[in-house]
2 protein chains.
Amino acid sequence: MEFDGVHDMAEPEIEALTFDVFGTVVDWRNGIAKEAENILAAEGHHVDGQAFALAWRARYQPSMEEVRARRRPFVRLDVLHRENLLDVFREFEIDGVSDDTTDQLNRAWHRLPAWPDVTKGLARLKQRFIIAPLSNGNVSLMVNLAKHEGLGWDVILGAEIAEAYKPEPEAYKRAAALLDLHPSRCLMVAAHNSDLVAAAATGMKTAFVPRIDEYGAHQKADFAAEHDFDIIADDFEDLAHKLGV
Amino acid sequence: MEFDGVHDMAEPEIEALTFDVFGTVVDWRNGIAKEAENILAAEGHHVDGQAFALAWRARYQPSMEEVRARRRPFVRLDVLHRENLLDVFREFEIDGVSDDTTDQLNRAWHRLPAWPDVTKGLARLKQRFIIAPLSNGNVSLMVNLAKHEGLGWDVILGAEIAEAYKPEPEAYKRAAALLDLHPSRCLMVAAHNSDLVAAAATGMKTAFVPRIDEYGAHQKADFAAEHDFDIIADDFEDLAHKLGV
């Protein structure tokens, strides 16, 4: 589906692109799997990195739900990740990991690899648009990821800035407000249908980019766009092409 | 004064550099003077751009003081700038400027020129450090300035994110908190003694970079560092040198 809104005078012009990050920009599964194996092996614990990564990620939504449901005040994702990591240690019957090693492994989320099309695609998109992560990851995590993978974000937006985890509307609304843009001038880019549905509900435009290997053999959803999003692109380079960059 | 904290094990290592922007990074006086003359001339108003710029800037601190003193809720600097601009029109007896032209002139703050050493100096500093504006300017203003002048900020921090105008401690503290850094790992860079004194009070390290032409012939202060700051540099390239980059 070709996006013609940018050149159609009846449609507001897109000025900013906001991106989901975990799964959409970076391959958390292979990144975490490798780091978990290496870091824990150094302390004599041998784990199946893929299973470890999936178990850690399985605790992601439930931990944020505690904040969304107001059962606890907002805390940054690094804090949730670390609590969840201790749970995964228990599940995998891994005992006696030092605090330093736990911290080091928790920071693996700050060093995840980008999908192959990302760095080049973002560089093209940045020429015409404001580009920003709109992630549930905290600001320092986003800054470190960007330094690690050469992502040229113009500004870091997202959950910690809004003190609200996606898909809460406030996460998207605060991003558009900080850019001083009507939401319709912002294009949310994600590999997850639910993220885009929530963004669209706040008035944002939407672009779906499938990442069908995000969960590997365990992928159960998000093989394709399930709603009438404004753009569907194969990857970030295709997104740049479809936006005329 | 050479800064040796970075290599001294007794001192915390600097990880992030935060920058004042108006005066320190960009030359607001000449930028505003030129835009005011050009934009108002197109509507038949002929003004002394330098006098106009100084009159507009003279209203900057008093307007933020209304927010600091809790006499009004936080509003972004674009809003204060526009209110102040209408005051300057009255002072200069300029009538009948359209809303569109007023908006266009107000956005001149988003298009200011960087001092000559800035873009190259920041590119060097970015190789080793996180670099971020910590300005009273709002996020969209900072994003647009960066796009305009090729400033490679890693993240936009500052008053709007903190909902507190410098020199309120919260503006500095929120920046360090979002970076997940102890303030002593952040180096505040500014051409204004008062900004650095406030930053130091929150535990930040400090670097003074003089901009003795900020106010032209009307410069009354900030010709030199008046306190024991951690670094004093001639410009951003010298700052990079003194930080060993």
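To be clear, the structure that these remarks concern was listed above.
Residues numbered from 1 in each chain as written. Chains lettered and ligands numbered in written order. Predicted model: local features only at pLDDT ≥ 70, side-chain atom pairs only at ≥ 80, totals over all residues. Heavy atoms only, no water.

Turning to the overall build of chain A, a few remarks are in order. Per the secondary structure count, chain A includes 11 helices and 6 strands. In terms of C-alpha radius of gyration, chain A reaches 18 Å, essentially the compact-globule figure of 18 Å for 245 residues. Dimensions along the principal axes, computed over C-alpha positions, put chain A at roughly 60 × 35 × 30 Å. For chain A, the proportion of its 245 residues judged to be buried stands at 58%. Long-range pairs, those at least 24 residues apart, make up 69% of the contacts in chain A between residues at least 6 apart in sequence. Treating the 26 positive side-chain charges of chain A as one cloud and the 42 negative ones as another, the clouds have centres 3 Å apart. (Helix = DSSP H or I, 4+ residues; strand = E, 2+ residues; numbered from the N terminus. Rg over C-alpha atoms; globule rule 2.2 N^0.38 Å. Buried < 20%, exposed > 50% of the residue type's maximum accessible area, 1.4 Å probe, protein only. Contact = heavy atoms within 4.5 Å. Lys, Arg positive; Asp, Glu negative; His and termini not counted. Charge placed at Lys NZ, Arg CZ, Asp CG, Glu CD.)

Attention now goes to the pairing of strand E4 (residues 186-190) of chain B. All names here are of chain B. The buried count for E4 comes to 5 of 5 residues, which makes it a mostly enclosed element. Sheet topology note: the strand E1 (residues 16-19)/E4 ladder contains 4 bridges and is parallel. If you follow Leu17 over to E4, its bridge partner there is Leu187. Inspection of the sheet shows E4 paired to strand E5 (residues 205-208) by 4 bridges, in the parallel sense. Residue pairing for E5: Ala190 is matched across the bridge by Phe208. Each parallel crossover has a hand, and the one from E4 via helix H10 (residues 193-201) to E5 is right-handed. (Pairing = 2+ DSSP bridges. Right-handed = clockwise from strand over helix to strand, strands pointing away.)

Before going further, it helps to spend a moment on the side chain of Thr206(A). Residues and elements named next belong to chain A. Structurally, the position occupied by Thr206 is in strand E5 (residues 205-208). Under the relative-accessibility criterion, Thr206 is labelled buried at 2%. The contact partners of Thr206, leaving out residues within four places of it in the chain, are Leu187, Met188, Leu196, Ala199, Ala200, Phe229, Asp230 and Ile231.

You can overlay chain B on chain A at an RMSD of 0.0 Å; the transform is a turn of 180 degrees with a shift of 0.0 Å along its axis. Considering both components of the superposition, the chain copies are consistent with a two-fold axis. Within chain B, Val155(B) has its C-alpha nearest the rotation axis, a separation of 2.6 Å. Both copies present the same face, since 100% of the interface residues in chain B are matched by interface residues at the equivalent positions in chain A. (Least-squares fit on C-alpha atoms with pLDDT ≥ 70 in both.)

Okay, helix H10 (residues 193-201) of chain A next. Residues and elements named next belong to chain A. Turning to H10, its buried residues are Asn193, Asp195, Leu196, Ala198 and Ala199. Where H10 is buried, its residues contact helix H9 (169-178), strand E4 (186-190) and E5. Immediately beyond the C-terminal end of H10, within one or two residues, lies Gly203, with a positive phi of roughly 105 degrees.

Attention now goes to the sheet that holds strand E2 (residues 130-135) of chain A. Residues and elements named next belong to chain A. Pairing in this open sheet of 6 strands is parallel, and the strands run E3-E2-E1-E4-E5-E6 from one edge to the other. The sheet is open, and its two edges are formed by strand E3 (157-158) and strand E6 (231-232), each paired on a single side. For E2 and E3, the ladder comprises 2 bridges, and the chain directions are parallel. Bridging across to E3, Leu134 finds its partner in Leu157.

What follows concerns the sheet that holds strand E6 (residues 231-232) of chain B. Residue and element names in this part refer to chain B. A sheet is described by the order of its strands in space; here 6 strands give the open sequence E3-E2-E1-E4-E5-E6, paired in parallel fashion. One side of each edge strand has no neighbouring strand; the edge strands of this open sheet are strand E3 (157-158) and E6. By the bridge criterion, 2 bridges tie E5 to E6 in an arrangement that is parallel. Bridge pairing in E6 places Ala207 opposite Ile231. Together, strand E2 (130-135), E3 and E4 form the strand contacts of helix H9 (residues 169-178), whose direction differs from that of E2 by roughly 155 degrees. (Axes fitted to C-alpha atoms, helices over the stretch in contact; angles between N-to-C directions.)

Contacts between the two partners involve 22 residues from chain B and, on the opposite side, 22 residues from chain A. Put simply, chain B and chain A have 6 salt bridges between them. Note that Lys147(B) and Asp154(A) form a salt bridge whose closest N and O atoms lie 2.7 Å from each other. Between chain B and chain A we count 12 residue pairs in polar contact (both at pLDDT 80 or more) in total. Where the side of chain B that touches chain A is concerned, the elements lending two or more residues are helix H7 (139-149), helix H8 (159-162) and H9 of chain B. For the side of chain B that touches chain A, the element with the most residues is H7(B), which contributes 5 residues. Of the residues that constitute the side of chain B that touches chain A, the class distribution is 11 nonpolar, 2 polar and 9 charged. (Salt bridge = Lys/Arg side-chain N within 4 Å of Asp/Glu carboxyl O. Polar contact = N/O pair within 3.5 Å; in protein donor to acceptor, adjacent residues only side chain to side chain. Nonpolar A, V, L, I, M, F, W, Y, C, P; charged D, E, K, R; others polar.)

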